[in-house]
Amino acid sequence: MHLSLPASFTAIAFLLISACSSTPATSQAPEPAPVSSRCNAAPAQFSVGRNADAALENEARTRAGAKAVRVLRPNQVVTMEFNAERLNLTVDDAGRVTRVSCG
């Protein structure tokens, strides 16, 4: 049996294209990414006006649902990247919390 040139070219092109497919025909849909704990600063507002110590930091972090907490002191150099899982407690010179935010 002899294939004509256009028919054999079409068959070869089809095989090459199907071989380069990035998704196998039997693959399943990818699993969704795990849900991360996002910070919610509202429940941690109780800490405003209180002295920042380890117990307060832990309670504020827990209430906010954050994975991490950081205390931001006056004139402290900090990174500016946003982290949706981090609670920020801004304090004054006396160590009292003046602002609660996520990021």
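This section reports on the structure supplied with the text.

Reading guide: rules and limits
Residues numbered from 1 in each chain as written. Predicted model: local features only at pLDDT ≥ 70, side-chain atom pairs only at ≥ 80, totals over all residues. Heavy atoms only, no water. Disulfide = S-S within 2.5 Å. Helix = DSSP H or I, 4+ residues; strand = E, 2+ residues; numbered from the N terminus. Buried < 20%, exposed > 50% of the residue type's maximum accessible area, 1.4 Å probe, protein only. Salt bridge = Lys/Arg side-chain N within 4 Å of Asp/Glu carboxyl O.

1. A word on the state of the cysteines
Under the criterion given, the structure shown has one disulfide. Across a sulfur-sulfur distance of 2.0 Å, Cys-39 and Cys-102 are joined as a disulfide pair. What sets the handedness of the Cys-39 and Cys-102 disulfide is the S-S torsion sign, and at about -65° it is left-handed. Of this pair, Cys-39 sits in the loop between helix H1 (5-19) and helix H2 (54-64) while Cys-102 sits in strand E3 (residues 97-102); the two residues are 63 residues apart in sequence, bridging distant segments of the chain. Note on Cys-39: relative accessible area 14%, which makes it buried. Look at Cys-102 and you get partly exposed, because its relative accessible area is 24%.

2. Some points on the pattern of salt bridges
Following the criterion strictly, the structure yields three salt bridges and no others. Note that Arg-63 and Glu-59 form a salt bridge whose closest N and O atoms lie 2.6 Å from each other. In this pair, Arg-63 and Glu-59 both sit in helix H2, four residues apart, roughly one turn of the helix. Taking the shortest distance from any N to any O, the salt bridge between Glu-81 and Arg-86 comes out at 3.3 Å.

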